[in-house]
Amino acid sequence: MSVDLVGFLGVVLLAYVVPGPDFLVVLRSATEHPTKGRAAALGAQSGLCVHMLAAAVGLSVVAARSPVIYDAIRLGGAGYLVYLGVRAVLAARRTARPRGAQRQAIAPVVTGGSGSGSRWRSGFRQGLLTNVLNPKAALFFLSVLPQFVHGGGSPARQIFLLGILDVLIGVAYWFGLVAVAARLRALLARPAIRHRWELTTGWLFIAVGVGVAVAA
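Caption draft 1: Fine view of the nonpolar core. The biggest cluster of nonpolar side chains holds 34 residues, and the ones touching the most others in it are Val 26, Phe 141 and Trp 174. Those elements that place two or more of their residues in this core are α1 (5–17), α2 (21–32), α3 (34–57), α5 (67–94), α8 (135–144), α9 (155–182) and α11 (191–214). The biggest single contributor to this core is α9, with seven residues. Not counting residues up to four positions away in its chain, the partners in contact with Trp 174 are Tyr 16, Asp 22, Phe 23, Val 26, Ala 41, Ala 44 and Gln 45.

Caption draft 2: The arrangement of the side chain of Asp 22 in detail. Of note, Asp 22 is situated in helix α2. No salt bridge is formed by the buried Asp 22; its nearest oppositely charged neighbour, Lys 136, is found at 11 Å.

Caption draft 3: A look at the packing of α5 against helix α7 (residues 116–132). The N-to-C vectors of α5 and α7 enclose an angle of 145°; their axes lie 8 Å apart at closest approach. Where α5 crosses over α7, the two elements pack in a sense that is left-handed. Here α5 contributes Ile 73, Tyr 80, Leu 81, Leu 84 and Arg 87 to the contact with α7, which in turn contributes Arg 125, Gln 126, Leu 129, Thr 130 and Val 132. A per-class count over the contact of α5 with α7 returns six nonpolar, two polar and two charged.

Caption draft 4: Representation of α5 in the model. Here α5 contains 28 residues, and its C-alpha end-to-end distance of 40 Å stays within 8% of the 40 Å for a straight helix at 1.5 Å per residue. Those residues of α5 not exposed but buried are Tyr 70, Arg 74, Gly 77, Ala 78, Tyr 80, Leu 81, Leu 84, Gly 85, Ala 88, Val 89, Ala 91 and Ala 92.

Caption draft 5: Molecular detail of the environment of Gly 43. Mapped onto the secondary structure, Gly 43 falls in helix α3. Those residues in contact with Gly 43 that sit more than four places away from it in its chain are Phe 124, Gly 127 and Leu 128.

Quick notes on the rules
- Residues numbered from 1 in each chain as written.
- Predicted model: local features only at pLDDT ≥ 70, side-chain atom pairs only at ≥ 80, totals over all residues.
- Heavy atoms only, no water.
- Core = buried A, V, L, I, M, F, W, Y, C linked by side-chain atoms within 4.5 Å.
- Buried < 20%, exposed > 50% of the residue type's maximum accessible area, 1.4 Å probe, protein only.
- Helix = DSSP H or I, 4+ residues; strand = E, 2+ residues; numbered from the N terminus.
- Contact = heavy atoms within 4.5 Å.
- Lys, Arg positive; Asp, Glu negative; His and termini not counted.
- Salt bridge = Lys/Arg side-chain N within 4 Å of Asp/Glu carboxyl O.
- Axes fitted to C-alpha atoms, helices over the stretch in contact; angles between N-to-C directions.
- Left-handed = near helix turned anticlockwise from the far one by under 90°.
- Nonpolar A, V, L, I, M, F, W, Y, C, P; charged D, E, K, R; others polar.
- Expected span 1.5 Å × (residues − 1).

Next comes the structure, spelled out in structure tokens:
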């Protein structure tokens, strides 16, 4: 495969380091529970796989060239981010209850407990939808990846292999973030800090969602 791997790796790492909607989803999920964080990470990368396969069969080209389809995906993604933000803000209101109620509200966050399957499904779904409804992810496979493909061999095959490499790098990066964010759980067990965290992440989701909605 004749590709510019060094340049490609640099672009991919930069894309992951710069925070985006998937970063917020994985980070917030990880502070709730490591299992949910890892599920959100795998969901986010599965969303990239959807865009990669769509690009391979030409669906992403249609979406990128059709303002109606592109805007529908963009507005759907924006609406989902706002939805996640509103849920976080409402969760912050619950943590503002009297002290006894606060302890009850945060118990699922600081204890392993049951419901691991529910946490996994919730995290995976949030990560998946966040990236599937992100048209910029589709444009990455259509406009950025081809720049690192050179003559020799099948361009589609090279783009596919680069996409797989992108996904695997992302899994490693997100799992590292989950490991770091999970250490914040003890700090977030304090009701006042948990309240501020929920408010901050909630309004960040809403702000990003509004930004995506109004973006040209």
